Amino acid sequence: MGELKHIISALVLQKKYLSAKEIMSEQNAADLSAMFEELFGEDFEEKKEFLLLFRLLPKDLAADTFAFMNPEMQMHLIGAFSDDELREMLAETCIDDTVDIIEEMPANVVSRILKNSTTGARKAINEILRYPGDSAGSIMTIEYVSFHRDMTVAEAFEKIRLVGVSKETIYTCYVTENRRLIGIVTVKDLFLAEEDDKIGDIMETNIISVDTAEDKEVVANMFRKYDFLAIPVTDREERLVGIVTFDDAMDVIQEENTEDVTRMAAIVPGDDSYFRTGVIKHAKSRLPWLLFLMISATITGIITTHYENAFEAVPILVSFMPMIMDTGGNCGAQSSTMIIRGIALEEIHFKDFFRVLFKEFRISILVSAVLAAVNGVRIYIMYGHDIALSLAVSLSIICTVIISKLIGSMLPMLAKRCGLDPAIMATPLITTVVDSCSIFLYFNIAVLVLGIG
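Residues numbered from 1 in each chain as written. Predicted model: local features only at pLDDT ≥ 70, side-chain atom pairs only at ≥ 80, totals over all residues. Heavy atoms only, no water.

## Quick word on the side chain of T65
As for its placement among the helices and strands, T65 is situated in helix α5 (residues 59-68). In this structure, T65 is in contact with A29, L32, S33, F36 and L57, ignoring residues within four places of it in sequence. (Helix = DSSP H or I, 4+ residues; strand = E, 2+ residues; numbered from the N terminus. Contact = heavy atoms within 4.5 Å.)

## A few points about the confidence of the model for the chain
Averaged over all residues, the pLDDT of the chain equals 84, while 90% of them reach at least 70. Highest mean pLDDT in the chain belongs to helix α14 (residues 199-202) (94); lowest belongs to helix α19 (residues 308-313) (68). (pLDDT = per-residue confidence, 0-100.)

## As for the state of the cysteines
Summed over the entire model, instances satisfying the criterion amount to zero disulfides. The thiol of C331 is not disulfide-bonded; the next cysteine sulfur, from C399, is found 13 Å away. With relative accessibility at 4%, the residue C331 sits in the buried group. There is no disulfide at C399, and the cysteine sulfur nearest it, in C437, is 12 Å away. (Disulfide = S-S within 2.5 Å. Buried < 20%, exposed > 50% of the residue type's maximum accessible area, 1.4 Å probe, protein only.)

## Some thoughts on the pattern of salt bridges
By the definition in use, this model includes 10 salt bridges. Put simply, R239 and E237 hold a salt bridge, and the shortest N to O gap is 3.2 Å. We classify R239 as partly exposed; its relative accessible area is 30%. For D352, the salt bridge goes to R355, with nearest N and O atoms at 4.0 Å. For R355, a relative accessible area of 66% corresponds to the exposed category. Several salt bridges share partner residues, and in doing so they unite D235, E237 and R239 into one network. (Salt bridge = Lys/Arg side-chain N within 4 Å of Asp/Glu carboxyl O.)

## Things to note about the sheet that holds strand β1 (residues 146-147)
One open sheet holds the three strands; their spatial order is β1-β2-β3, and the pairing between them is mixed. Two strands lie at the open edges of the sheet, namely β1 and β3 (180-186), each paired on one side alone. Inspection of the sheet shows strand β2 (residues 172-177) paired to β3 by six bridges, in the antiparallel sense. Bridging from a neighbouring strand, C173 pairs with V185 of β3. (Pairing = 2+ DSSP bridges.)

## Some remarks on the packing of helix α7 (residues 83-92) against helix α9 (residues 107-115)
Running from amino to carboxyl end, α7 crosses α9 at an angle of 75°, the nearest separation of the two axes being 9 Å. Classified by the interaxial angle, the pair formed by α7 and α9 is roughly perpendicular. Mapping the contact onto sequence places D83, L86 and L90 in α7 and R112, I113 and K115 in α9. Of the residues in the contact of α7 with α9, the class split is three nonpolar, no polar and three charged. (Axes fitted to C-alpha atoms, helices over the stretch in contact; angles between N-to-C directions. Parallel < 35°, antiparallel > 145°, perpendicular 65-115°, else oblique. Nonpolar A, V, L, I, M, F, W, Y, C, P; charged D, E, K, R; others polar.)

## Quick notes on the sheet that holds strand β6 (residues 240-245)
Paired through backbone hydrogen bonds, the strands of a sheet run either parallel or antiparallel to each other. Pairing in this open sheet of three strands is mixed, and the strands run β4-β5-β6 from one edge to the other. Because the sheet does not close on itself, it has two edges, and the strands there are β4 (210-211) and β6. Bridge analysis of β4 against strand β5 (residues 230-234) gives two bridges, and the strand direction is parallel. Counterpart to V210 in the pairing with β5 is V233. In the packing of helix α15 (residues 216-226) onto the sheet, the strands contacted are β4, β5 and β6, and the crossing angle to β5 comes to about 140°.

So, in structure tokens, the structure goes:
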């Protein structure tokens with residue numbers, strides 16, 4: 001990518017635009033979009049070469065490249081296009097990509113896009129836009145190939161040649177009857193069949209489809225489960241209204257993963273990338289959880305204050321507090337990460353609640369035994385062969401590891417059961433809860449073992 005950027009940049013400086021056009025015409029649309037972003041950065045509006053280079057691209061490649069660009073670049077290009085240029089661009093752009101672009105644009109730009117779309121495209125765009133943003137209907141495309149059962153294989157190939165160039169995919173085609181989905185046939189099926197075979201005789205009738213209202217994350221997970229290239233989308237009357245393709249499912253998975261990662265870091269999810277998000281917006285997205293966690297950590301302070309007498313009697317106890325709290329937080333984070341991942345992959349369900357707890361309990365026994373043994377020996381050697389102190393800290397570690405792993409595995413499942421995102425119950429929140437529990441256990445065990453009154 002860096003090499004392409006340098007070559008095009010050098011050709012632009014030398015004003016060898018035809019050479020630049022030849023090189024760009026052989027590139028992938030995603031690579032060209034990345035190149036434009038690297039080459040012009042945030043100054044693309046002030047550089048005439050950006051618009052000039054884009055206009056050098058062949059129409060179909062320009063449309064694909066446009067779909068990969070960030071919203072700011074897209075809006076700048078739309079503003080620079082004449083109505084004829086915009087109309088040509090939209091004609092080459094897939095309907096679902098046009099919908100994605102519209103969702104990122106201000107009202108005046110949306111109006112211009114719709115104005116320059118064909119009547120059929122405008123109707124399709126409005127149809128998709130009316131679906132909830134998290135539904136299968138919102139990410140589907142209506143650009144699919146359909147047959148009827150009485151067509152021959154030869155007729156099917158003829159239709160693919162006729163309409164396939166404007167469709168999202170031709171590898172999977174759909175058989176409908178009065179708009180109802182009755183079968184699926186792949187290009188492989190067509191190639192292996194005789195030309196005079198009927199579509200109804202070779203189609204697959206065991207159909208896996210989704211409703212328009214189905215959650216888009218569920219749809220995306222179906223691609224992983226079934227290895228589909230596309231999934232048909234039907235309405236309540238089982239009429240075929242569109243398809244969701246693999247590339248759109250990948251976008252959903254990336255979006256959901258980004259959302260989970262930000263929530264696990266106690267950040268309110270946002271739509272823009274890191275550099276396109278302003279400093280104030282970054283701060284606003286981080287402050288709510290930080291305030292909540294800071295205030296909730298007051299519990300740990302109250303517990304610590306309650307055991308001031310133990311500090312005075314055995315001052316060395318204070319030095320072990322960070323280790324106890326860090327161990328508990330790390331153990332809780334490990335368990336929560338595994339459970340959240342299992343829930344996301346639909347491997348773990350709420351019905352597995354006690355099964356998960358039992359497994360984490362057994363894991364915690366093994367882990368805590370090793371940690372306690374190593375730490376017990378270390379304290380015994382370093383702190384004057386004090387068996388009581390070594391025993392108190394080791395027992396605290398065992399109890400802390402057990403309770404933290406149980407909490408780390410329970411909270412995500414309970415969150416899912418309550419209809420919340422399990423990622424909310426991630427490292428920051430679990431660490432805060434575990435800190436309070438571990439300090440409470442530590443001082444109570446120390447009081448009992450060391451006989452502090």
